[in-house]
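Architecture at a glance
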Amino acid sequence: MRKIALSHRFQALMTLVAGLSILMGSAGLVLNHTIDTVIEREAELKARNWARYLAEGLPEIEKVVAGEALSPASRAFIESINSNGNVFRFKLFDAEGKLFLASDALDKTGSIQKNLTTHNPHAANVVKTGKAYTAVYKGKPPGKPALYAESYVPVMKEGRTIAIVEVYVDQTAHKELLRTAVSTETFLLLAIVAIGFGVPGIRVYFLNRMKQSADERVRFLALHDAMTSLMNRANFMETLSAHLSKEQGSKTLTAVHYIDIDHFKTLNDSFGHDVGDAFLVLVAERLRSVSRPGDLIARLGGDEFAVAQFGFSGARNAASYAKRAVKVIAQPATINGHDFVATASVGTAIAPQHGHDATTLLKSADVALYAAKANGRDCYCVFGPEMNAALEERQRIERAIWNAIKTSGFDLHYQPQFNTEGTRLLGFEALLRLPDGDKGLISPDIFIPLAEEMGLISQIGNWVLGEACRVAAAWPEHLTIAVNLSPAQLESVELVDTVSRILAESGLSPNRLELEITEGHLLKETDAVLTQLAELKTLGVAIVMDDFGTGYSSMSCLWRFPFDKIKIDRSFLSEERAFDSNAASVLKTIVTLGHSLDMVVTAEGVERLEQASLLQSIDCDQLQGFLFGRPMPQDEVAATILDDFASRPPDIPGEEPEEQAAV
Ligand code: C2E
Ligand code: MG
Ligand code: MG
């Protein structure tokens, strides 16, 4: 494209130069012609005056013409006028055009004509027509001037032509004068013409250039993404299609990689859109850095990119690019003073086995991308036919989420929490359920990450908060309600206001509400998150660290924020660990640590009596698990509460639980 632009510019420049050259050349020709004409006219005028002067100063001219010798006076007169001004020579012809006198050969007067065999045709013509004849010649100094005119004019007496005189006029100096004067004027004229035509011409030229570059930009933008300068989706698909049809029948493979930045929305929300945009540009650069010449790299839109590669001999090579792309994108980045690591997931499809055409290939790569996301992100997956079913399932759940939002179709279940002996009901944890038609319920472990990706989790989470508080407000006052928060809710600046409003609307006392967050919330620990948590605590709400021990930095989380409670993850009580002698000491250490930090310790996933006894023996404060009750619908909660009342000694109802429930 740059080449074409250059050749356009060159052509325009050449046209301008050619135009100016023609203008200058024509002006030069006109100038010379004008000067020659002026020289001619002037020489003729001079010759006429000179002829009149001759006729007056040489009264016996008629006699001389007739062949009489020159008188001394006439001779002296002729000699005096011979080199008069710029007349340097003259000749006289008789009325028939025959030469009889030449000023530089006066001695031969009269005899000259005898030597002539012919008439001088110019002189003869002047005799015949009565019109003067002038011609301009170039001479060779010193013999002749560099430029002179020969002008034949009639010498008249009493209305008769008595002779013809040919006057030689030296016009060398005159021409120079004329040339200088006319050249200056012509130059000025040319300058005016050039400005008159040139300025608009130059303007037109630059306007054309601007139009050309605007056209080029429009063409570029039609095919590329403005932010990253990568190909856009339409261009990518068209070019990929063209390649695929060309490669048809060849033995080599084509790979298409679908690349999506993990949690890009969070990146945007945390650092602002400027940082998000700059990161997309950085991703484009990083993809270029690991690609080969000839690879197609495109930004499909938002945080989605695609790369197509040709000529692979085996699927393994395609996978190795996907691996490199994952690795290069996950390099630490520093943008606008923010240091962060953002990762990407990659789905890879290979032609011809995963699709023959561009659309099918990209769709297969997209399916593989979903699989990579489901595998925990920051990784790649190569398409497999079984993934289609997984994608369809995912899309079905996404539709169910939308449907539940539209029709208030979510449900809350409540799982009881007991004291360590399992004798006192302390409260419930609200657990979200998505009904799935006849198929029962969809697990929150499946639909909550999807709702997070769909950007709907805050909306859903706020509904859970409101509903759980509304329901719990009707329970006996010593019972607490625990609600799980998603990272998006915690990052929202409105969380504290929302919780205050819900507490006020439901009439639930703040000290009965526990908000559960997981380690992941604090990994991206920002001052804003810690401030929100502190403000919630100030409201009187308890903050609980959920799923304690599952992450890499559970311990360090405890120093970052003064949690009211920690919930040991149920994986510590799993079958594999049941007979592990170390498990008890680890659990004991966690409990002791929690207590030393003034935190209540709860164990989740208690399914068997031995587990409960172990937890009791190590002073774990509270227990939650199928042993004490599964998550139940709201209408079964009342029965559990009644059971708890029924199981207490009749004389001291509700005395102890208040103490234990306060965390
Ligand atoms: P979680 O907060 O750790 O909730 C406890 C999970 O353990 C629940 O799974 C519960 O049914 C399960 N559980 C309790 N006792 C036992 C047991 O003895 N054995 C076994 N095997 N499992 C037990 P559930 O309801 O499937 O929820 C899974 C996760 O989904 C929750 O883990 C929580 O992280 C998330 N979740 C649930 N509701 C919400 C919600 O409203 N908002 C958010 N953000 N997350 C939620
Ligand atoms: Mg929880
Ligand atoms: Mg948990």
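For every chain, the first residue of the written sequence is number 1, and numbering continues from 1 onward in sequence order. Chains and ligands are labelled sequentially in the order written, the chains with letters from A and the ligands with numbers from 1. Reporting of local features is limited, given that this is a predicted model, to residues whose pLDDT is at least 70; pairs of side-chain atoms are given and counted only at 80 or more, and all residues count toward the totals for whole chains, interfaces and linings. Note that the side-chain values use all heavy atoms of the structure and ignore hydrogens as well as water.

With water omitted from the atoms examined, metal sites may look incomplete; donors here are N, O and S atoms no farther than 2.8 Å from the metal, or 3.2 Å in the case of Na, K and Ca. At 1.9 to 2.6 Å from the magnesium ion (ligand 3) lie its protein donor atoms, namely Asp-546 (OD), Asp-547 (OD), Glu-604 (OE) and Glu-604 (OE). Along the chain, the residues donating to the magnesium ion (ligand 3) are arranged with the sequence spacing D-D-x56-E. Between the two metals, the magnesium ion (ligand 3) and the magnesium ion (ligand 2), the spacing is 4.0 Å, and Asp-546 donates to both. Residue Asp-547 is located in strand S18 (residues 542–548), and its partner Glu-604 is located in the loop between strand S20 (600–603) and helix H22 (609–617); the two are separated by 57 residues in the primary sequence. Given a relative accessible area of 27%, Asp-547 falls into the partly exposed group. Starting at the N terminus, helices and strands are each numbered in turn, a helix being any DSSP run of H or I of at least four residues and a strand any DSSP run of E of at least two. Buried, partly exposed and exposed residues are distinguished by accessible area as a fraction of the type maximum, computed with a 1.4 Å probe on protein chains only: under 20%, between the cut-offs, and over 50%, respectively.

The next thing to look at is the site of ligand 1. Any residue with a heavy atom positioned within 4 Å of a molecule or strand is treated as near that molecule or strand. What surrounds ligand 1 is a group of 23 residues, the closest being Arg-433, Asn-484, Asp-546, Arg-570 and Glu-607. Glu-429 is positioned such that a nitrogen or oxygen atom in its side chain is 2.9 Å from an oxygen atom of ligand 1. Within 3.5 Å is the distance limit for a polar contact, defined as a pair of N or O atoms, with the added protein rule that one can donate a hydrogen and the other accept it, and that residues adjacent in sequence qualify only through two side-chain atoms. At 2.5 Å from an oxygen atom of ligand 1 is found a side-chain nitrogen or oxygen belonging to Arg-570. For accessible areas, the Shrake-Rupley method is used with a probe of radius 1.4 Å. Any residue's cover is judged against the shown protein chains and nothing else. Notes on ligand 1: free accessible area 790 Å², of which the protein chains cover 86%. Broken down by secondary-structure element, the contributors of at least two residues to the shell around ligand 1 are strand S14 (425–435), helix H13 (444–453) and S18.

With that settled, the discussion passes to the coordination of the magnesium ion (ligand 2). Surrounding the magnesium ion (ligand 2) are the protein donor atoms Glu-429 (OE), Asn-484 (OD1), Glu-516 (OE) and Asp-546 (OD), which sit 2.1 to 2.2 Å from the metal. A residue is classified by how much of its surface remains accessible, and Asn-484, at 27% relative accessible area, is partly exposed. Note on Glu-516: relative accessible area 1%, which makes it buried.

This part takes up the packing of aromatic side chains. Under the pairing criterion, centres of Phe, Tyr and Trp rings, with the six-membered ring standing for Trp, must be within 6.5 Å; the plane angle then separates stacked pairs below 30 degrees from edge-to-face pairs above 60, leaving the rest tilted. Inspection of every chain in the model, using the stated rule, returns 16 aromatic pairs. A centroid spacing of 5.9 Å and a plane angle of 40° characterise the contact between Phe-93 and Tyr-152, whose relative ring orientation is tilted. One end of the pair, Phe-93, is in strand S1 (residues 87–93); the other, Tyr-152, is in strand S4 (residues 147–157), and 59 residues separate them in sequence. In this pair, the class of Phe-93 matches that of Tyr-152, namely buried. One aromatic cluster is present, built from ring pairs that chain together Phe-88, Tyr-137, Tyr-148 and Tyr-168. Taking NZ or CZ as reference, Arg-89 lies 4.9 Å from the ring centre of Tyr-168, over its face. Any Lys NZ or Arg CZ found within 6 Å of a ring centre and within 35 degrees of that ring's normal is scored as a charge over the ring. Geometry around Phe-626 places Arg-630 over its ring, the cationic atom sitting 3.8 Å from the centre.

For the rest of this paragraph, the subject is the domain arrangement of the chain. The source of the domain bounds is an automatic or database domain assignment. According to the domain assignment, the chain contains domain 1 (1–223), domain 2 (233–387) and domain 3 (410–649). Computed over C-alpha atoms only, the centres of domain 2 and domain 3 are separated by 38 Å.

Across the eleven residues that make up S14, a large majority, ten, are buried. Following DSSP output, two strands are said to pair if at least two bridges run between them. Inspection of the sheet shows strand S13 (residues 411–419) paired to S14 by eight bridges, in the antiparallel sense. Of the residues in S14, the one forming a bridge with Gln-415 is Glu-429. Here S13 folds back onto S14 in antiparallel fashion, the turn holding five residues, of which Gly-422 has a positive phi close to 75°. Looking at chain direction, S14 and strand S16 (residues 480–484) are connected through four bridges and run parallel. The partner of Gly-427 across the bridge, within S16, is Thr-480. As paired strands, S14 and strand S15 (residues 441–442) are joined by two bridges and run antiparallel to one another. When the sheet's bridge partners are listed, Leu-434 is paired in S15 with Ile-442. Linking two consecutive strands that pair antiparallel, namely S14 and S15, is a turn of five residues; a positive phi of about 55° is found at Gly-437 within it.

The subject of this paragraph is the packing of helix H8 (residues 264–271) against helix H9 (residues 273–290). Think of two packed helices as two axes; the pair is described by the angle between the axes and how far apart they sit. Interaxial angles span 0 to 180 degrees and are taken between N-to-C directions of axes, which are lines fitted to C-alpha atoms, for helices over the stretch in contact. Relative orientation of the contacting elements H8 and H9 amounts to 135°, with a least axis distance of 6 Å. Put simply, H8 runs oblique to H9. Residues Phe-264, Leu-267, Asn-268 and Phe-271 of H8 lie in contact with H9, whose contacting residues are His-273, Val-275, Gly-276, Phe-279 and Leu-280. Here is the rule for angles: anything less than 35 degrees is roughly parallel, anything more than 145 is roughly antiparallel, 65 through 115 is roughly perpendicular, and the remaining ranges are oblique. By definition in these notes, contact holds between two residues if any of their heavy atoms fall within 4.5 Å.

Further remarks concern the sheet that holds strand S7 (residues 296–301). Spatially, the five strands line up as an open sheet ordered S7-S8-S6-S11-S12, and their pairing is mixed. Both edges of this open sheet fall to S7 and strand S12 (380–382), since each of them pairs with a single strand only. The mean inter-strand angle of the sheet, taken between neighbouring strand axes irrespective of direction, is 20°. Relative to strand S11 (residues 344–351), strand S6 (residues 253–261) runs antiparallel, the two sharing eight bridges. Following the sheet pairing, Ile-261 is matched in S11 by Ala-344. Packed on one face of the sheet, helix H11 (residues 358–374) meets S6, S7, strand S8 (304–312), S11 and S12 and runs near 145° to S11.

The strand order across the open sheet built from five strands is S2-S1-S5-S4-S3, with neighbouring strands paired in antiparallel fashion. Of all the strands in the sheet, the pair left with one neighbour each is strand S2 (99–102) and strand S3 (133–138). On average, adjacent strands in this sheet sit at an angle of 20° to one another, irrespective of strand direction. Here S1 pairs with S2 via three bridges, running antiparallel. Considered in S2, the bridge of Lys-91 is made with Ala-102. Lying on the sheet, helix H3 (residues 72–82) is in contact with S1 and S2; it crosses S1 at an angle near 135°.

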